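# Observations on chain architecture
Residues per chain, in single letters:
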Amino acid sequence: MRHTIVAGNWKMHKTYSETHTLLDELITKLPSGKEVEVIVAPTFTNLASAVAHLEGTNIQVAAQNVHQAEGGAFTGEISAQMLLSVGVETVIIGHSERRHYFNETDAVLADKVNTALRHNMRVIFCIGEELKDRESKQYLNVIFNQLTDGLFHLSKDQWKNIVIAYEPVWAIGTGETASPEQAQEIHAFIRQEIERKYDKNVAENTSILYGGSVKPSNAKEIFSKPDVDGGLIGGAALVADDFIAIIEAAN
Ligand SMILES: O=C(CO)COP(=O)(O)O
């Protein structure tokens with residue numbers, strides 16, 4: 001069964017004390033017992049303490065990246081085993097900022113996915129076109145290639161640990177959102193291509209999140225689309241009331 005998920009990607013924001021202040025606000029204000037799965041992704045230095053802090057709550061913790069190697073001489077990198085050792089079982093892979101600023105290619109991302117899945121982690125895999133791809137009407141090709149190169153080597157069984165986040169690059173941090181219709185078009189396309197490659201069961205059971213300037217004011221309309229199963233939230237996830245309003249909109 002696919003889940004409705006609202007995940008906050010905190011990117012390179014929040015120090016240790018700011019992280020704990022925000023987590024405390026979420027713990028205090030978040031209504032319990034709802035259907036939506038809530039995930040937060042603080043930066044690496046705050047993962048272990050966030051996991052400890054959130055013990056006994058319904059809020060899960062994800063990492064924003066993982067290295068593809070099991071370990072070794074990779075200065076500055078973090079392995080899947082290290083994440084698991086502090087209780088982090090979900091990881092965001094392929095965010096457009098990683099692709100763009102850190103030159104993460106489709107081949108590297110496919111390797112990262114393999115490593116995370118080998119460790120039984122859940123992957124939130126990000127895909128999305130740039131503005132130039134939309135303007136040249138190549139966006140479906142770009143999405144298709146990202147899916148193929150990043151994920152279509154996986155077995156059916158491995159898909160139970162895959163969540164997709166569609167994040168059009170032109171909508172990230174810009175205040176410009178894909179319209180609900182634009183989001184639905186891509187989400188339905190992604191699901192159709194998963195079905196074509198695998199089967200209806202895999203397609204129907206994969207959660208596909210939308211990301212890109214989701215705010216309390218536009219969340220409900222975007223989440224109401226049939227193939228949108230929640231969101232991956234950047235800026236608005238850094239403010240407890242906004243993040244909670246977005247979670248409420250997904251309920
Ligand atoms: O990149 C995002 C989440 O991963 C979206 O960021 P914004 O919500 O700030 O546009």
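As the structure is a prediction and not an experimental result, all values here were calculated from the model.

Parameters at a glance
Residues numbered from 1 in each chain as written. Predicted model: local features only at pLDDT ≥ 70, side-chain atom pairs only at ≥ 80, totals over all residues. Heavy atoms only, no water. UniProt positions renumbered as here; feature names shortened; annotations may be inferred. Helix = DSSP H or I, 4+ residues; strand = E, 2+ residues; numbered from the N terminus. Buried < 20%, exposed > 50% of the residue type's maximum accessible area, 1.4 Å probe, protein only. Contact = heavy atoms within 4.5 Å. Polar contact = N/O pair within 3.5 Å; in protein donor to acceptor, adjacent residues only side chain to side chain. Axes fitted to C-alpha atoms, helices over the stretch in contact; angles between N-to-C directions. Parallel < 35°, antiparallel > 145°, perpendicular 65-115°, else oblique. Nonpolar A, V, L, I, M, F, W, Y, C, P; charged D, E, K, R; others polar. Pairing = 2+ DSSP bridges. Expected span 1.5 Å × (residues − 1). Arc of directions from axis to C-beta.

Attention now moves to the UniProt feature "active site" (unreviewed entry) in the protein. UniProt's entry tags H95 and E167 with the feature "active site" (unreviewed entry), counted in the numbering of this structure. The greatest C-alpha distance among the annotated residues, which extend across 73 residues, is 8.3 Å, indicating that they converge on a single site. You can see H95 is positioned in the loop between strand 4 (90–93) and helix 4 (96–101). With a relative accessible area of 5%, H95 lands in the buried category. Filtering out sequence-adjacent residues up to four positions away, H95 remains in contact with N9, K11, C126, E167 and I172. Looking at H95, its side chain comes within polar contact range of the main-chain nitrogen of E97, at 2.9 Å. In this structure E167 comes out as buried when scored by relative accessible area, which is 5%. Those residues within four positions of E167 in sequence are excluded, and the remaining contacts are H95, C126, I127, G128, I172, G211, G212 and L232. Looking at E167, its side chain comes within polar contact range of the side chain of H95, at 3.0 Å.

Quick look at unusual backbone geometry now. Non-glycine residue K14 carries a positive phi angle of around 80°. When you line up the elements, K14 lands in the loop between strand 1 (5–9) and helix 1 (16–29). We classify K14 as partly exposed; its relative accessible area is 26%. A positive phi angle, near 55°, is found at S213, a position not held by glycine. Relative to the helices and strands, S213 resides in the loop between strand 7 (208–210) and helix 10 (216–223).

Looking now at the UniProt feature "binding site: substrate" (unreviewed entry) in the protein. In the UniProt entry, the feature "binding site: substrate" (unreviewed entry) is given for N9, W10, K11, G173, S213, G234 and G235. These residues run over 227 residues, yet every pair of their C-alpha atoms falls within 14.0 Å of each other. Contacts of S213, omitting those with residues within four sequence positions, involve A171, G173, T174, G175, E176, T177 and N218. A polar contact of 2.7 Å, which involves the side chain of S213, links it to the backbone oxygen of A171. Mapped onto the elements of the fold, G234 is located in the loop between strand 8 (230–233) and helix 11 (240–250). The contacts of G234, once residues within four sequence positions are left out, are N9 and K11.

Time to look at the packing of helix 5 (residues 106–118) against helix 7 (residues 139–151). Following both chains from N to C, one finds helix 5 and helix 7 inclined at 50°, their axes separated by 7 Å at the closest point. Considering their axes alone, helix 5 and helix 7 lie oblique with respect to each other. In this structure, helix 5 contributes D106, A110 and V113 to the contact, and helix 7 contributes Q146, D149, G150 and L151. Its residues assigned to classes, the contact of helix 5 with helix 7 shows three nonpolar, two polar and two charged.

Take the pairing of strand 6 (residues 162–166) next. Burial analysis of strand 6 places five of its five residues in the buried class, which makes it a mostly covered element. Sheet topology note: the strand 5 (residues 122–127)/strand 6 ladder contains five bridges and is parallel. Paired with F125 across the two strands is I164, which belongs to strand 6.

Further remarks concern helix 7. Compared with the 18 Å implied by 1.5 Å per residue over 13 residues, the 18 Å span of helix 7 between its first and last C-alpha is a close match. Among the residues making up helix 7, those that are buried are Y139, V142, I143, Q146, L147, G150 and L151. Here the buried residues of helix 7 occupy an arc of 130° about the axis, which is enough to place them on one side.

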